[in-house]
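What follows is each chain in one-letter form.
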Amino acid sequence: MAALYEGYTLCGLVQAENPSHSGIQGIEAERDSDHVVVTDSTRSVTLFKVSDQKPLGSWTVKQGQTLTCAAVYNSQTKEYVAVSDNRVIRVWKEGDILLDKAFKATVSSDVWRVHSVPGGEPVVLFQRGAVRLLDSLLSAPQQPIEDILAPDEAIRWSINIVAEAQQLVIFTTEQKGDHFLYLQRLNPNALQRYRLEREEPGLSPLSFSASYRERHVSLLYLYPNGHVYQSVASVRGPRAEEGSQALPLPRSLLLRLPVGEGPLAAAAVLDLDEAHVAVVGVPHPSAGAGEDFLCIWNTNFQTLQAGKEMAGRIYGQLWSYSSKLFIPHGKVLSVIPYECPTSSLASALGKLRQAGTQGERTAPASVPSWNSALHGEKVQPSRPMETRKTRTGRKSQPASSLTVGQVLELIKTASVEEVQREVAGLLSRADMQDLQPSVGQLASSLVARSLSDSAFYPPSTLAQLVHTQCLCHSVCPDLLLLALERKDYFLCQLCLQLFPDVPEAVTCACLKTFISVPDGDAEMVSLEPDSVSFMEALIAGGRGQGGLQNGFSPAPFEEDSSDAVSVGGAPTQTRAEDKEKTSAQPGQICPVGLHKAVLLNEILQTAYSDAFLLPHLKDLSSQQVVLFLQYLQFLYLKCSQDAFTQMPGLRSPTLTQIMDWMCLLLDAHFTVLVMTPEASGLLLNLHSFVKSQVRLFSELGKIEGSLQELHKIKVKKDVGQYSIEVIELF
């Protein structure tokens, strides 16, 4: 899954005359991955070493002169090339101090950009569409430059890439609301011209990005309505003949990004690889209408995989070199390292619940079967999952003679008791067909009336509808929030268990409510028996013999865990000194009540995606975070030393889920926790947990070689009933 790491400031921004402009004209790669050349919008070119965030050199043109083209680095000659006042090409070396004394030549036509690629000769793109190699142009600066574009056609964007071992200049133009794509090959000299499809009237692309893959150029372009399109053109396409019409270039909708309250004004899209794009200036789907975000989207799965809020104004500019994103915002130019590993479907959709506890549950009816979708297999009508409570209800309730429509009308005016009786009877009918839409309609009607009428709330009926497994959050999005409002924690638990699509914002709302509810109030709620049984046995703590699981002892019980401290901050005793008092350590005492712990366990087992969950975790207070971390510490210690969590049939969080939530909370609140005195001991204990996990995987790595050798050994077929053999591993 893609990730954006902690960024840093490369330099401040030069104030531009236009406040909507960053003051940066361009950023280009230099000699290696750690050097870039930054050109401002007025007079200066600066060489930076990125890792040190310091300038190594700076060059400025005279007062009254203006740099009209971003400087590039010629890797063949170790020189820099820039253009001032549209026609003066300047060439200088790093050791030159004054640009005015360096080489310069005046050409006969206005220059749009100078482009350079590593190992290649720079090329010059003129404003009228002609292209020249730099050396051939400087050998005769006043040579005539032909006009490729129409008189009312202007270049909007350009780039230079390497395709099939030769340079390819790509640029887009605009003419009377139409946009065109040009591909210019240099050897042999060949020009291709395409016309892009029009968007809504009055909308022009805000940003372009191009890449070369498998003999094709992929062009991405972002519109103010949030649509990101992709057009693909072959580098061996037909040449554009003089006077001929541009070829139409088909497009496909790659992403439909959120736009917030109005059309995008300053946004940019950047192609990172075949499956990921970076976007800046577009609202984060889970963080309101603000447009000050940098995000990475997975185009294969249409999911947001990483997001980072950028302080200050966004200017709609974005560059990428050597797995680093360069973005001007506010008054600074920031560098954001990123990573885009190959994504799987599971990581794109979110971390899933514990597989072992879900194996006996049937999939919700709202999720179609893959076999049905791929092979056209007939789907059998789904039936509700019966529990002891629903079976008892079916025996005691007579079958309803009302239709679904009549029950829906009844829900609008009838009492709670009458609604419960008729809905239960309707669900118990043997001839009930197409259960899923009916259950969704019933639940939506019940929730709508409960929201409008504070005196109406049928908890048992809503729980019965959830038990059918024909509901999900997207079918009835207000159900779980209604249960929180009415403090129906049993219904909340059922929804978290059976809904596969609970949004991260709702998950965090449940977490805040559960962790804030008084223990006394939580103990009065009836909850799912298996989950309560698990926590009763875990809190009792009388099952384990010692502190080992598969030969592994958790960090607080290791001999070298002298750096671990108690939650209150006092140093813990070593194993030899404190073996008799292990159960009295603060980490061994559950910091919350039994039923509150059961509810928190449901949060740990709910599916989520890191990128969507982190912004909402930041809404937790420091006291809530510390309490939740203390509970996670308790779970970690118990699940590390006890084998009860691996028993089938009991709903319980896994060690991986516990560690994942620890990491998420620390990511969201690390600065606050460091500054909180009561959290210092807790952080040290969590650090020891990480060390123990690293130690465990290190030991597993040591035996990996032995297991591989055993796997390579060929088993003899004629061993009889048994055999005794000596196996030499090394």
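Residues numbered from 1 in each chain as written. Predicted model: local features only at pLDDT ≥ 70, side-chain atom pairs only at ≥ 80, totals over all residues. Heavy atoms only, no water.

## Quick notes on the side chain of Ser 84
Moving on, step 1. Mapping Ser 84 onto the fold places it in strand S8 (residues 79–84).
Moving on, step 2. A polar side-chain atom of Ser 84 sits 2.9 Å from a polar atom in the side chain of Arg 90.
Moving on, step 3. Ignoring sequence-local partners within four residues, the contact set of Ser 84 consists of Thr 66, Leu 67, Thr 68 and Arg 90. (Helix = DSSP H or I, 4+ residues; strand = E, 2+ residues; numbered from the N terminus. Polar contact = N/O pair within 3.5 Å; in protein donor to acceptor, adjacent residues only side chain to side chain. Contact = heavy atoms within 4.5 Å.)

## With respect to helix H7 (residues 416–428)
Side chains three or four residues apart in an α-helix point the same way, a direct result of the helix having 3.6 residues per turn.
Moving on, step 1. Here H7 contains 13 residues, and its C-alpha end-to-end distance of 18 Å stays within 8% of the 18 Å for a straight helix at 1.5 Å per residue.
Moving on, step 2. For H7, the full list of buried residues reads Val 416, Val 419, Glu 422, Val 423, Ala 424, Gly 425, Leu 426, Leu 427 and Ser 428. (Expected span 1.5 Å × (residues − 1). Buried < 20%, exposed > 50% of the residue type's maximum accessible area, 1.4 Å probe, protein only.)

## Notes on the environment of Thr 9
Moving on, step 1. Residue placement: Thr 9 occurs in strand S2 (residues 8–12).
Moving on, step 2. In this structure Thr 9 comes out as partly exposed when scored by relative accessible area, which is 39%.
Moving on, step 3. For the pair Thr 9 and Pro 328, spaced 319 residues apart in the sequence, the C-alpha separation amounts to 9.6 Å.
Moving on, step 4. Excluding its chain neighbours within four sequence positions, the residues that come into contact with Thr 9 are Gln 53, Val 332, Leu 333 and Ser 334.

## Things to note about the sheet that holds strand S6 (residues 54–60)
Moving on, step 1. Across the sheet, four strands lie side by side as S3-S4-S5-S6; this open sheet has antiparallel pairing. Edge positions in the sheet fall to strand S3 (24–29) and S6, since each has one partner strand and no second. The average angle at which neighbouring strand axes cross in this sheet is 20 degrees, direction not considered.
Moving on, step 2. Two elements, strand S5 (residues 44–49) and S6, share six bridges in a ladder whose sense is antiparallel. The partner of Phe 48 across the bridge, within S6, is Pro 55. (Pairing = 2+ DSSP bridges. Axes fitted to C-alpha atoms, helices over the stretch in contact; angles between N-to-C directions.)

## Observations concerning the nonpolar core
Moving on, step 1. Counting residues in each nonpolar core, the largest one holds 91 residues, and the members touching the most others are Leu 479, Phe 514, Leu 617, Phe 628, Tyr 631 and Trp 661.
Moving on, step 2. Of all the elements, helix H18 (residues 622–641) adds the most residues to this core, at eleven residues.
Moving on, step 3. Of all hydrophobic cores here, the second largest spans 19 residues; its members include Ala 163, Tyr 194, Ala 210 and Tyr 221. (Core = buried A, V, L, I, M, F, W, Y, C linked by side-chain atoms within 4.5 Å.)

## Thoughts on the packing of H7 against helix H9 (residues 459–467)
Moving on, step 1. Taken N-terminus to C-terminus, the directions of H7 and H9 make an angle of 20 degrees; their axes are 9 Å apart at the nearest point. Regarding the angle of H7 to H9, the classification is roughly parallel. Crossing angle aside, the handedness with which H7 passes H9 is left-handed. Across the interface between the two elements, Gln 420, Val 423, Ala 424 and Leu 427 of H7 pack against Pro 459, Ser 460, Thr 461, Gln 464 and Leu 465 of H9.
Moving on, step 2. A breakdown of the residues in the contact of H7 with H9 according to their chemical character gives five nonpolar, four polar and no charged. (Parallel < 35°, antiparallel > 145°, perpendicular 65-115°, else oblique. Left-handed = near helix turned anticlockwise from the far one by under 90°. Nonpolar A, V, L, I, M, F, W, Y, C, P; charged D, E, K, R; others polar.)

## Description of the pairing of S8
Moving on, step 1. Across the six residues of S8, five count as buried, placing the element largely inside the fold.
Moving on, step 2. For strand S7 (residues 67–74) and S8, the ladder comprises five bridges, and the chain directions are antiparallel. Bridge pairing in S8 links Asn 74 to Glu 79.
Moving on, step 3. In textbook terms, the turn of a hairpin is the stretch between consecutive antiparallel strands, and for S7 and S8 this stretch comprises four residues, one of which, Lys 78, has a positive phi near 60 degrees.
Moving on, step 4. Bridge count for S8 against strand S9 (residues 88–92) is five bridges, and the pairing is antiparallel. Bridge pairing in S9 links Ala 82 to Arg 90.

## Some thoughts on the pairing of strand S28 (residues 324–329)
Residues in a regular strand project their side chains so that they alternate between the two faces of the sheet.
Moving on, step 1. Most of S28 is tucked away: six of the six residues are buried.
Moving on, step 2. Burial along S28 is two-sided: the residues Lys 324, Phe 326 and Pro 328 and Leu 325, Ile 327 and His 329 are all buried.
Moving on, step 3. Sheet analysis places strand S27 (residues 319–321) next to S28, joined by three bridges and oriented antiparallel. If you follow Ser 320 over to S28, its bridge partner there is Leu 325.
Moving on, step 4. Hairpin remark: S27 followed by S28, antiparallel, with two residues in the connecting loop; positive phi at Ser 322, about 50 degrees.
Moving on, step 5. Here six bridges tie S28 to strand S29 (residues 332–339), and the two strands are oriented antiparallel to one another.

## Points about the packing of aromatic side chains
Moving on, step 1. Taken as a whole and judged by the stated rule, the model has 15 aromatic pairs.
Moving on, step 2. Each member of the aromatic cluster is reached from another via a ring pair, and the members are Trp 157, Phe 208, Tyr 221, Tyr 223 and Tyr 229.
Moving on, step 3. Note that Arg 193 overlies the ring of Phe 180, its terminal NZ or CZ placed 4.3 Å from the centroid.
Moving on, step 4. Of note, Arg 251 hangs over the ring of Tyr 229, and the distance from its end group to the ring centre comes to 3.8 Å. (Phe/Tyr/Trp six-rings, centres within 6.5 Å; stacked < 30°, edge-to-face > 60°. Lys NZ or Arg CZ within 6 Å of the ring centre and 35° of its normal.)

## Structural notes on a nonpolar patch on the surface
Moving on, step 1. A cluster of nonpolar residues, Phe 697, Leu 700, Ile 703, Leu 707, Leu 710 and Ile 727, forms a patch on the protein surface that exposes about 580 Å² of accessible area.
Moving on, step 2. By secondary structure assignment, the location of Leu 710 is in helix H20 (residues 680–712). (Patch = residues over 30% accessible without salt bridge, like charges linked within 9 Å, V, L, I, M, F, W, Y side chains within 5 Å. Areas by Shrake-Rupley, 256 points an atom, 1.4 Å probe, with all protein chains shown as cover. Salt bridge = Lys/Arg side-chain N within 4 Å of Asp/Glu carboxyl O.)

## Thoughts on the confidence of the model for the chain
Moving on, step 1. Across the chain, the average pLDDT comes to 81, with 81% of residues at 70 or higher.
Moving on, step 2. In the model, residues 353–397 has pLDDT below 50 throughout and makes 61 contacts with residues more than four positions away in sequence or in other chains.
Moving on, step 3. Counted against residues more than four places away or in other chains, residues 542–584, with its pLDDT under 50, gives 71 contacts. (pLDDT = per-residue confidence, 0-100.)

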